Amino acid sequence: MTENERNAYWYAVYVRSRYEKKVNRVFIENSIESFLPLLETWRQWSDRKKKVSEPLFRGYVFVRIDMKSEHVKVLDTDGVVKFIGIGRTPSVISDRDIDWIRKLVREPDAVKGAVNMLPPGQKVKVTAGPFKDLEGVVVKTGRESRLVVYFDRIMQGIEVSIFPELLIPLHTAELKPAEN
């Protein structure tokens, strides 16, 4: 493992409108590890209907870099506006959050879209299925609950459809003894 790899962390980069794919492609060409979560959706135009890949988070591309040595290379990329963070300090995105986003885009039928704020409601944990151990907040109940998984470092959430029987209140999940 090189020195840069040891100090590499995930960051969210804000890009110009509709530049997500272009910026991601340039990052890959410049050997910058990047991740652009895409969802395939159907778009209707007046003359046709087409399946297109759209960013899960509009305006965001994730990069794994050593901030000290590679931040200028990222900021010099055409279309990049800034790093997402608090003030002038870019927020580190955990590997766990990136893994969850990867899981979410692998289940496109469950993802209902991104939301910009954390809605009030019951905090829960998923007990089974592809989203096992995912934590979020229930925003709608019924035959299929709507769960919002909120990534506070980028102030974005993703709404997912999930069966209510797969959810337990988070405080119950924390009290439950660990299974071996």
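Thresholds, definitions, all that
Residues numbered from 1 in each chain as written. Predicted model: local features only at pLDDT ≥ 70, side-chain atom pairs only at ≥ 80, totals over all residues. Heavy atoms only, no water. Salt bridge = Lys/Arg side-chain N within 4 Å of Asp/Glu carboxyl O. Helix = DSSP H or I, 4+ residues; strand = E, 2+ residues; numbered from the N terminus. Buried < 20%, exposed > 50% of the residue type's maximum accessible area, 1.4 Å probe, protein only. Phe/Tyr/Trp six-rings, centres within 6.5 Å; stacked < 30°, edge-to-face > 60°. Lys NZ or Arg CZ within 6 Å of the ring centre and 35° of its normal. 1 Å grid on protein atoms, 1.4 Å probe; cavity = no way out; pocket = protein on both sides within 12 Å on 5 of 7 lines; lining within 4 Å. Points joined across faces, edges and corners; volume = space filled by probe spheres on them. Nonpolar A, V, L, I, M, F, W, Y, C, P; charged D, E, K, R; others polar. Core = buried A, V, L, I, M, F, W, Y, C linked by side-chain atoms within 4.5 Å. Contact = heavy atoms within 4.5 Å. Pairing = 2+ DSSP bridges. Axes fitted to C-alpha atoms, helices over the stretch in contact; angles between N-to-C directions.

Q: Before we move on, can you summarise the pattern of salt bridges with the specific residues and values?
A: Throughout the structure, instances matching the rule amount to eight salt bridges. The shortest N-O distance in the salt bridge between glutamate 54 and arginine 43 comes to 2.7 Å. In this pair, glutamate 54 sits in strand β4 (residues 49–55) while arginine 43 sits in strand β3 (residues 38–44), placing the two residues 11 residues apart along the sequence. With relative accessibility at 17%, the residue glutamate 54 sits in the buried group. The class of arginine 43 is partly exposed, set by a relative accessible area of 35%. Measuring nitrogen to oxygen at the nearest pair gives 3.1 Å for the salt bridge that ties arginine 48 to aspartate 47. According to the relative accessible area criterion, aspartate 47 is exposed, its value standing at 59%. The structure contains a network of salt bridges with shared partners spanning Glu33, Arg64 and Asp95.

Q: Can you explain the packing of aromatic side chains? Please cite residues and give values.
A: For the structure shown, the criterion picks out six aromatic pairs. Both rings, one in phenylalanine 57 and one in phenylalanine 62, keep their centres 6.2 Å apart while their planes meet at 75°; by these two values the pair is edge-to-face. The same class applies to phenylalanine 57 as to phenylalanine 62, namely buried. Among the aromatic residues, those joined into a cluster by ring pairs are Tyr14, Phe35, Phe57, Tyr60, Phe62 and Phe151. Between the NZ or CZ atom of arginine 102 and the centre of the ring of phenylalanine 35, over which it lies, the distance is 4.3 Å.

Q: Could you give an account of the layout of surface pockets, naming the residues involved and the relevant values?
A: Quantified by volume, the largest pocket comes out at close to 290 Å³. For the largest pocket, the lining is made up of 15 residues, of which Arg96, Glu135, Gly136, Val149 and Tyr150 are closest to its centre. In terms of residue count, the dominant contributor to the lining of the largest pocket is strand β13 (residues 145–151) (four residues). Split into classes, the residues belonging to the lining of the largest pocket amount to nine nonpolar, one polar and five charged. Of the voids in this model, the second largest pocket is the one considered here, and its volume is about 240 Å³. Forming the boundary of the second largest pocket are Arg18, Glu20, Lys21, Arg43, Trp45, Val52, Ser53, Glu54, Pro55 and Arg58. The dominant element in the lining of the second largest pocket, judged by the number of residues it contributes, is β4, at four residues. Classifying every residue of the lining of the second largest pocket by side-chain character gives three nonpolar, one polar and six charged.

Q: Explain the nonpolar core to me, and be specific about the residues and the numbers.
A: Residues Phe57, Phe62 and Phe151 are the most contacted members of the largest nonpolar core, which totals 30 residues. Those elements giving two or more residues to this core turn out to be β1 (8–15), β5 (60–66), α4 (95–106), β11 (123–126), β13 and β14 (156–162). Looking at which element gives the most residues to this core, the answer is α4, with five residues. If sequence neighbours within four positions are ignored, phenylalanine 151 has contacts with Phe57, Asp97, Trp100, Ile101, Leu104, Gln156 and Ile158.

Q: With reference to specific residues and values, describe the sheet that holds strand β10 (residues 111–115).
A: Read from one edge to the other, the open sheet built from six strands follows the order β10-β14-β13-β12-β11-β15, with strand pairing classed as antiparallel. Each edge of the open sheet carries a strand with a single partner, namely β10 and β15 (167–169). With direction set aside, neighbouring strand axes in the sheet form an average angle of 40°. When β11 meets strand β12 (residues 135–140), the two strands line up antiparallel, connected through three bridges. Within the sheet, the bridge partner assigned to valine 124 lies in β12 and is glycine 136. Relative to β13, α4 is tilted by about 145°, and along the sheet it contacts β10, β12, β13 and β14.

The values are spatial; any link to function lies outside them.
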